[in-house]
Amino acid sequence: MSYAYLFKYIIIGDTGVGKSCLLLQFTDKRFQPVHDLTIGVEFGARMITIDGKQIKLQIWDTAGQEAFRSITRSYYRGAAGALLVYDITRRDTFNHLTTWLEDARQHSNSNMVIMLIGNKSDLESRREVKKEEGEAFAREHGLIFMETSAKTAANVEEAFINTAKEIYEKIQEGVFDINNEANGIKIGPQHSPTNTSLPLSGSGSSQGGGCC
Amino acid sequence: MLADAVNAGVDFGCNKNEPKQNGCDVSKVDIQSSCKVPKTKNGIVFPINELVNPTIDAVLNQVPLIYDPITKQLLLQSEFDELRLNSERNGCTKNLVLIDDHPKEKEFIHERKLDENGTQIVSNNDNLDVNNKDVVEKTQIDVDAPQNETSSNVFDDSDIESSPLPFLSSVYKPKKSSLSATFASASYSLSSSLHNVLNRLKKKNGINNETFATSTTALILENRPPHLPAKSIDEEVKHKHEYEEMVKEAKRKEAKDAKTLRKITNKRKKEEDRVIELIKVWQKDLLPNWSQVKNTKKVHDIWWVGIPPSIREKVWKLAIGNDLNLTHELYEICVSRSREKVWTFLTSEGESVADVIKLDVSRTFPHLGLFQENGPYHETLSQLLGAYVCYRPDISYVQGMSFLAGMLLLNMEVSDAFICLANLLNNQILMSFYRVDPTFMNAYYSTYQVFFRENLPLLYKHFADQQLTPDLYLMDWVYSLFSRSLPLDVSTHVWDLILRDGEEFIFRVALGILDMYKDILIKFDFINLAQYLTKLPDEIDSQSLFTSVAAIKMVVGNEKLTFNQVLSSFINSKV
């Protein structure tokens with residue numbers, strides 16, 4: 001399918017917070033009650049529309065265990081957006097956010113949009129982290145924030161799409177240099193027949209063509 | 001069920017030889033009065049209270065039942081006898097119509113009229129009850145049917161005589177063949193009345209007091225109803241011929257099915273014999289002389305097809321060995337120490353080891369339901385992993401280990417699994433990956449790339465063009481030794497051979513997977529490749545994978561460098 005832009009996302013956060021479930025809910029619109037664990041990295045992709053333009057999201061879903069942190073660091077390269085996920089029923093996962101954020105800031109493009117996600121909002125009775133705490137953390141660090149439930153799909157769509165909107169706005173403002181693929185943004189194949197970097201023609205607003 | 005078997009009205013129409021204008025003699029069987037067993041509205045009542053301390057067995061023993069092999073139903077002795085008596089009284093079993101006590105039946109049948117299109121009009125009979133509606137539907141079929149169809153029934157007399165229960169065969173067999181013949185002859189348009197009958201046939205076990213038409217053979221052979229002109233001889237001959245063809249076709253199909261079944265059975269038998277033979281060879285020739293024969297070609301060939309499950313445990317333990325000289329006692333010590341310590345361990349970042357193990361045990365082979373909470377191996381696996389953390393706190397628990405440990409637990413006792421896990425993780429490749437040692441990991445990736453380019457040059461170039469680096473899909477395969485990504489039977493077979501050939505077989509399987517899917521992979525872009533390889537199709541079978549794996553050469557260049565030689569050169573250049 002043709003697209004105007006391709007954004008690379010990376011999903012990070014402690015193990016077991018529901019990163020893979022969020023991805024599955026977003027790409028396949030389903031929740032898997034039998035959980036699987038991610039070793040290394042897994043992938044997802046979906047097309048969305050923003051401002052009438054087709055945008056392809058290429059999502060890297062990483063392993064959460066700390067042992068793999070050094071490997072995860074190499075995946076930040078070229079990411080335009082990051083979803084930093086914690087589990088509202090496990091305070092530990094919220095406490096580790098600072099480390100994750102440091103890592104993300106250090107190894108990614110400085111313009112990378114980071115969305116903070118408090119997942120498992122359906123488990124209200126087991127909540128350990130108040131929504132206000134998440135909001136405060138996000139405000140303090142300049143992140144967008146949302147509470148989601150990969151199980152009920154609440155806010156999942158919004159989390160991915162709002163991140164894309166933010167990236168899109170940054171492109172419009174000229175903050176992102178879309179010529180530089182290290183920013184995690186590619187222009188659709190029509191503009192870039194060889195799939196490599198290309199001279200920017202106009203605003204890049206025309207629809208992409210060709211096949212991905 | 002009992003009442004239903006009797007009440008299902010059967011209209012066999014006329015005997016073939018009877019003059020048509022005589023029509024069918026509609027007779028009645030009154031079920032209520034014919035039953036000796038007292039009945040209530042809801043069914044039959046048995047004198048249970050005559051029994052002292054009635055039990056279900058005792059009650060059932062008192063009920064006189066007859067098994068009807070044709071309908072595969074149980075019949076009450078009394079109902080069975082009454083039914084036969086009635087049919088004999090009628091003098092013509094084939095003309096039997098069983099109608100629930102309804103005196104208007106005869107008139108009703110005669111009251112039906114035809115309009116000029118041949119469509120049936122049923123006079124508005126106030127006496128119509130549920131049972132009569134059934135009759136309406138029956139008669140509608142007769143009329144909706146094309147000219148050459150009749151409601152009367154041809155019965156092959158020899159058929160009746162040869163049946164062990166001639167009466168039952170005439171009563172019940174038609175019910176079955178009527179439906180199949182309806183489909184087989186395909187002469188009826190699927191009119192609403194046919195739909196009704198078919199629906200009712202489906203529901204028949206649940207409905208009492210039913211009455212509907214049946215036939216003994218294909219409807220195509222039936223005579224016409226009395227009010228229609230008889231078939232011409234030509235037509236009858238033609239129909240007979242068509243019917244014979246149908247029977248022949250059915251027999252042919254039966255024979256073919258039987259042949260297929262025989263083939264499958266033979267194949268299975270052969271496979272079983274092969275495995276039995278293999279087990280003998282393993283047990284008699286190989287295992288007793290393991291250290292001498294383990295590297296011979298004969299053993300390697302027999303190993304290639306996979307180790308028979310019953311001796312897998314033995315071979316795995318021998319192949320993994322115990323260089324670390326671990327004992328079962330050590331396992332016990334580690335378990336008891338882990339109870340005190342592991343569950344309070346934290347990693348440098350404050351991650352609780354216990355939390356991660358707890359999370360992962362439930363996520364190990366999730367589809368098996370063995371390791372999940374409340375599963376039979378949940379505790380065992382947690383304990384085993386906890387013991388390993390105590391044994392090697394420097395490595396601790398790393399995601400992926402639960403799959404290795406789980407795989408071992410599926411094949412051996414927990415203390416043996418502990419010894420095997422520790423020795424397995426002590427291998428260079430697993431140790432360097434589980435320690436996340438970038439130098440060694442990259443050396444392995446680079447070596448893999450050399451063999452990738454050698455074996456699949458086109459795909460190698462395509463991957464390079466798409467910027468798909470091997471670490472993205474190899475990590476999972478190495479960490480879990482394919483047990484997370486391949487079906488269990490396939491990954492078990494892969495493990496058999498990894499234990500034969502060592503680490504290079506991991507990369508040979510990786511290339512085998514790429515080879516197996518090369519035609520699809522060559523068309524994919526980065527994201528499709530990455531998605532496909534990190535989530536392989538479910539239906540991979542061992543045979544096709546191993547065919548691909550067999551084709552992968554594990555020597556490169558003119559110098560015929562082995563995997564280890566290439567690997568050493570990369571390690572030496574980095575270290």
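Please read all numbers here as calculations on a predicted model, not as lab measurements. (Residues numbered from 1 in each chain as written. Chains lettered and ligands numbered in written order. Predicted model: local features only at pLDDT ≥ 70, side-chain atom pairs only at ≥ 80, totals over all residues. Heavy atoms only, no water.)

1. Regarding the overall build of chain A
Regarding its fold elements, chain A presents six helices and seven strands. When the helices and strands of chain A are placed in sequence order, the string is β-α-β-β-α-β-α-α-β-α-β-α-β. Each of the 212 residues in chain A was classed as buried or not, and the buried ones make up 57%. Once local pairs closer than 6 in sequence are excluded, the contacts in chain A between residues at least 24 apart make up 72%. Entry remark: accessible area of chain A is about 8500 Å², with carbon and sulfur atoms responsible for 47%. (Helix = DSSP H or I, 4+ residues; strand = E, 2+ residues; numbered from the N terminus. Buried < 20%, exposed > 50% of the residue type's maximum accessible area, 1.4 Å probe, protein only. Contact = heavy atoms within 4.5 Å. Areas by Shrake-Rupley, 256 points an atom, 1.4 Å probe, with all protein chains shown as cover.)

2. Concerning the overall build of chain B
Assigned secondary structure in chain B consists of 28 helices and eight strands. Looking at chain B as a whole, 50% of its 575 residues qualify as buried. Long-range pairs, those at least 24 residues apart, make up 72% of the contacts in chain B with a sequence separation of at least 6. Just so you have it, chain B exposes about 28800 Å², and 52% of that area is on carbon and sulfur atoms.

3. Topic: the environment of L410 of chain B
By secondary structure assignment, the location of L410 of chain B is in the loop between α17 (401–409) and α18 (414–425). Once the C-alpha coordinates of L410 of chain B and L370 of chain B are considered, the two residues, 40 residues apart in sequence, prove to be 9.4 Å apart.

4. Some points on the interface of chain B and chain A
Interface size is often expressed as the accessible area that is lost when the parts come together. Contacts between the two partners involve 34 residues from chain B and, on the opposite side, 31 residues from chain A. At the junction of chain B and chain A, the tally comes to two salt bridges. Between D36 of chain A and R484 of chain B there is a salt bridge, with the nearest N and O atoms lying 3.3 Å from each other. Summed over the shared surface of chain B and chain A, the result is seven residue pairs in polar contact (both at pLDDT 80 or more). Mapped by element, the contributors of at least two residues to the side of chain B that touches chain A are α15 (353–361), α17, α22 (471–479) and α26 (526–534) of chain B. The element contributing the most residues to the side of chain B that touches chain A is α26 of chain B, with six residues. Grouping the amino acids of the side of chain B that touches chain A by side-chain chemistry returns 14 nonpolar, 11 polar and nine charged. (Salt bridge = Lys/Arg side-chain N within 4 Å of Asp/Glu carboxyl O. Polar contact = N/O pair within 3.5 Å; in protein donor to acceptor, adjacent residues only side chain to side chain. Nonpolar A, V, L, I, M, F, W, Y, C, P; charged D, E, K, R; others polar.)

5. Observations regarding the side chain of K8 of chain A
Residue and element names in this part refer to chain A. Take K8: it is sitting in strand β1 (residues 5–12). Of the polar contacts made by the side chain of K8, one reaches the backbone oxygen of Y75; its length is 3.0 Å. Dropping the residues within four chain positions of it, K8 is found in contact with Q58, W60, Y75, R77, G78, A79, A80, G81 and G184.

6. As for the pattern of salt bridges
All names here are of chain B. Taken as a whole and assessed by the stated rule, the structure comprises 29 salt bridges over all chains. Between E249 and R252 there is a salt bridge, and its shortest N-O distance comes to 2.9 Å. On the criterion of helical spacing, the pair formed by E249 and R252 is a turn pair, its members being three residues apart in helix α10 (residues 233–286). The exposure class assigned to E249 is partly exposed, which follows from its relative accessible area of 44%. The residue D301 makes a salt bridge to K297 at a minimum N-O spacing of 2.7 Å. On the criterion of helical spacing, the pair formed by D301 and K297 is a turn pair, its members being four residues apart in helix α12 (residues 297–304).

7. Concerning the packing of helix α20 (residues 438–455) of chain B against helix α28 (residues 563–574) of chain B
All names here are of chain B. Two numbers describe how α20 lies on α28: the axes approach to 9 Å, and their chain directions differ by 135°. Relative to α28, the element α20 lies oblique. The two elements α20 and α28 meet at a crossing, and its hand is right-handed. Each of T439, F440, N442, A443, Y444, S446, T447, V450 and F451 in α20 lies in contact with α28, whose residues at this interface are F563, V566, L567, F570, I571 and K574. (Axes fitted to C-alpha atoms, helices over the stretch in contact; angles between N-to-C directions. Parallel < 35°, antiparallel > 145°, perpendicular 65-115°, else oblique. Left-handed = near helix turned anticlockwise from the far one by under 90°.)

8. Details of unusual backbone geometry
Of note in this structure, D51 of chain A is not a glycine but carries a positive phi near 55°. Among the structural elements, D51 of chain A can be located in the loop between β2 (41–50) and β3 (53–62). Relative accessible area serves as the criterion here: at 54%, D51 of chain A is assigned to the exposed category. With a phi angle near 60°, Q467 of chain B is a residue other than glycine that sits in the positive phi range. If you trace the backbone, Q467 of chain B turns up in the loop between α21 (457–465) and α22. For Q467 of chain B, a relative accessible area of 57% translates into the label exposed.

9. Some remarks on the pairing of strand β4 (residues 81–87) of chain A
Across a regular strand the side chains alternate sides, sitting on one face of the sheet and then on the other. Residues and elements named next belong to chain A. Counting buried residues in β4 gives seven out of seven residues, a clear majority hidden from the surface. Burial along β4 is two-sided: the face carrying G81, L83, V85 and D87 and the face carrying A82, L84 and Y86 are both buried. Looking at chain direction, β1 and β4 are connected through four bridges and run parallel. Each residue of the ladder has a partner; that of I11, found in β4, is L83. Of the strand pairs in this sheet, β4 and strand β5 (residues 113–119) are connected by seven bridges, and their pairing is parallel. Across the sheet, the residue bridging to A82 is I114, located in β5. (Pairing = 2+ DSSP bridges.)

10. Remarks on the packing of aromatic side chains
All names here are of chain A. One pass over the full model with this rule turns up 41 aromatic pairs over all chains. Pairing Y86 with F94 gives two aromatic rings, centres 5.0 Å apart and planes at 70°, and the pair type is edge-to-face. On the accessibility criterion, Y86 (0% relative accessible area) is buried. In this arrangement the basic side chain of K8 is found over the ring face of W60, its NZ or CZ atom lying 3.7 Å from the centre. The aromatic ring of F26 is capped on one face by R46, whose charged end is 4.2 Å from the ring centroid. (Phe/Tyr/Trp six-rings, centres within 6.5 Å; stacked < 30°, edge-to-face > 60°. Lys NZ or Arg CZ within 6 Å of the ring centre and 35° of its normal.)

11. With respect to the confidence of the model for chain B
Close inspection of predicted coordinates is inappropriate for parts of the model with low pLDDT. All names here are of chain B. On average, residues of chain B carry a pLDDT of 75, and 61% of them reach 70 or more. Across residues 1–48, where pLDDT falls below 50, the model places 123 contacts with residues more than four positions away in sequence or in other chains. The model gives residues 91–194 a pLDDT under 50, and that stretch makes 233 contacts with residues more than four places away or in other chains. In the model output, the complex is listed with pTM 0.66 alongside ipTM 0.87. (pLDDT = per-residue confidence, 0-100.)

12. Overview of the nonpolar core
Counting 146 residues, the largest nonpolar core has W282, Y479 and L514 of chain B as the members making the most contacts within it. Counting residues per element, this core draws most heavily on α18 of chain B, which supplies nine residues. Core analysis: the next-biggest nonpolar cluster, separate from the first, contains 35 residues, M146, F160, F176 and I185 of chain A among them. (Core = buried A, V, L, I, M, F, W, Y, C linked by side-chain atoms within 4.5 Å.)

13. Observations regarding the state of the cysteines
Residues and elements named next belong to chain B. In total, this model carries zero disulfides over all chains according to the counting rule given. Considering cysteine sulfurs only, C390 is the nearest to C334, which forms no disulfide, with 6.0 Å between them. What makes C334 buried here is its relative accessible area of 3%. (Disulfide = S-S within 2.5 Å.)

14. Regarding the packing of helix α14 (residues 328–340) of chain B against α18 of chain B
Each pair of packed helices can be summarised by the angle the axes make with each other and by the distance between the axes. All names here are of chain B. Look at α14 against α18: their axes get within 9 Å of each other, and the N-to-C directions meet at 95°. When the axis of α14 is compared with that of α18, the two are roughly perpendicular. In contact with H328, L330, Y331 and C334 of α14, α18 contributes V414, S415, D416, F418 and I419. For the contact of α14 with α18, a count of residues per class yields six nonpolar, two polar and one charged.

15. Looking at the confidence of the model for chain A
Mean pLDDT over chain A works out to 88, with 89% of the residues at or above the 70 mark. Every residue in residues 192–212 of chain A is under pLDDT 50, and counting partners more than four places away or in other chains gives 40 contacts.

16. Some points on the environment of T547 of chain B
Residues and elements named next belong to chain B. With respect to the helices and strands, the residue T547 is situated in helix α27 (residues 542–550). Given the relative accessible area of 54%, T547 is considered exposed. Here the alpha-carbon distance between T547 and D515, two residues 32 residues apart in the chain, equals 9.8 Å.

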